[in-house]
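Residue-level listing of the chains:
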Amino acid sequence: MSNALAFINQQPANGFASVAVNSSASIAGNEAKEKDVALAQIEFRNVTKNYGSVAAVKDLSLSVSRGEFLTILGPSGSGKTTTLMLLAGFQAPSQGDIFIAGKSVAAVPSYRRDQGIVFQSYALFPPLNVRRNLEFPLEMRGMKAAERTARVDRILSRVHLSGLEDRMPSQLSGGQQQRVALARALIADPPILLLDEPLGALDRNLREQMQSEIKSLHKEFGITTVCVTHDQDEALTLSDRIVVMRAGAIEQTDTPEAIYDRPATQFVAKFLGEANILENPGFMIESEATQPSDTIAMIRPERICVAALDAPKRVDADLRQSVIGIVENMIYAGPLRKYHVRVGSTLLVAREHVVSGRPALQPGEEVRLEWLRSDVRFVAA
Ligand code: ADP
Ligand code: MG
């Protein structure tokens, strides 16, 4: 299966399964050939992976469209890396099967799966300089020296590392090493890119910079990408869809917006962002919808307005629920203020943007909390 897969198609920004077009963004340059649209699709069918008595992945079914950026998000130990290693062929399923482009890869060894992989630890070869690190996968494919050089130059320029080809990995910063790792994963034009906590070792600013770098590479190459992370911001920023995993199983799969705004379960609500769980709030919860059984009510902190009692009401009375509480504390976070407000037995978190002319409310102050009834969500307990 390998040479048919060895290039990347440019992808229209919005379509995953659209017809293949000739690639101008391909690292292979003008080598690009027509490719079957279904080739890069990934499907897990009832995959279980046991390590002895530990079920790391349980009956997982999942499909990834061609060109899609899918992120597997979950806490440590939830089975994310195992899922990725199964796809990469470094582990074999205990049950179930994985299909790429409609064909089972059970018998396909990892080195023939034609996937670019970036591990959390960059896994560059320390004794090889940047150029040799990048040439390695091309040499393995028997590519001629002149073409290898041209490709290395092209990808280095693309990841803004031109001029560093003679450096050893130890002479690069963390961000530069990560760029080399990304370049090496992309250099052979694989149809699938796998990323395991790719930005986990970088500090915040660099992480945000690399996030937009990865996003624009993905857009440009239209490469089907499966990314594993425990970082919710990374998942929300990068992904077309997010799969939330918990204890080896899928908890919810949806777009970033839907996962954040309409979490299916309490676990998802709390794992992505902050959630006020209105389990025993000490007041009647008003909502637009009737509460389904076995659910609890939830509202996001930024959906709650906090105001002094004499301040004008901010939300149309017909649409809102309003309760009185007492500020316990205010946490200052640059452009945001976070309040903990006690309402009876419940401590609610509200978050607001700092606005000129609206001074912070003080601990001990009696305040009014308001929110739209339509912002209350019911999630499975
Ligand atoms: P994550 O990447 O989400 O942190 P992993 O997939 O690494 O989770 O691990 C899932 C579970 O499987 C954990 O309980 C972990 O301890 C276990 N596990 C992972 N790899 C192995 C292994 N090679 N041998 C035994 N247990 C493992
Ligand atoms: Mg992991």
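Check the entry above for the structure.
A brief structural summary. These numbers were taken from a predicted model, which means no experiment stands behind them. (Residues numbered from 1 in each chain as written. Chains lettered and ligands numbered in written order. Predicted model: local features only at pLDDT ≥ 70, side-chain atom pairs only at ≥ 80, totals over all residues. Heavy atoms only, no water.)

So, the pairing of strand β12 (residues 295–299)
The element β12 is largely enclosed, with a buried count of five among its five residues. Burial of β12 is two-sided: the residues Thr295, Ala297 and Ile299 facing one way and the residues Ile296 and Met298 facing the other way are all buried. Summarising the sheet, strand β11 (residues 276–277) and β12 pair through two bridges and their orientation is antiparallel. Note on β12: the bridge partner recorded for asparagine 276 is isoleucine 299. In terms of strand pairing, β12 meets strand β18 (residues 377–380) through four bridges, oriented antiparallel. Looking across to β18, one finds that threonine 295 is bridged to alanine 380. (Buried < 20%, exposed > 50% of the residue type's maximum accessible area, 1.4 Å probe, protein only. Helix = DSSP H or I, 4+ residues; strand = E, 2+ residues; numbered from the N terminus. Pairing = 2+ DSSP bridges.)

Some words on the pairing of strand β3 (residues 69–73)
Burial of β3 is extensive: five of the five residues sit out of reach of the surface. Of the two faces of β3, the one carrying Phe69, Thr71 and Leu73 and the one carrying Leu70 and Ile72 are both buried. Bridge count between β3 and strand β8 (residues 224–229): five bridges; the pairing is parallel. Across the sheet, phenylalanine 69 pairs through a bridge with threonine 225, a residue of β8.

Some remarks on the pattern of salt bridges
As a working rule, side chains carrying opposite charge can pair if their charged atoms are close by. Throughout the structure, instances matching the rule amount to 27 salt bridges. The partner of arginine 151 in a salt bridge is glutamate 147, and the shortest N-O contact between them spans 3.3 Å. Highlighted residues: arginine 151 and glutamate 147, both in helix α4 (residues 145–158), separated by four residues, approximately one helical turn. The residue lysine 338 makes a salt bridge to glutamate 274 at a minimum N-O spacing of 3.2 Å. Taken together, the residues span a long stretch of sequence, with lysine 338 in strand β15 (residues 336–343) and glutamate 274 in the loop between α9 (266–271) and β11 at a distance of 64 residues. Residue classification places glutamate 274 among the partly exposed positions, given a relative accessible area of 27%. Via salt bridges that share partners, Asp261, Arg262, Arg303, Asp375 and Arg377 belong to a single interconnected network. (Salt bridge = Lys/Arg side-chain N within 4 Å of Asp/Glu carboxyl O.)

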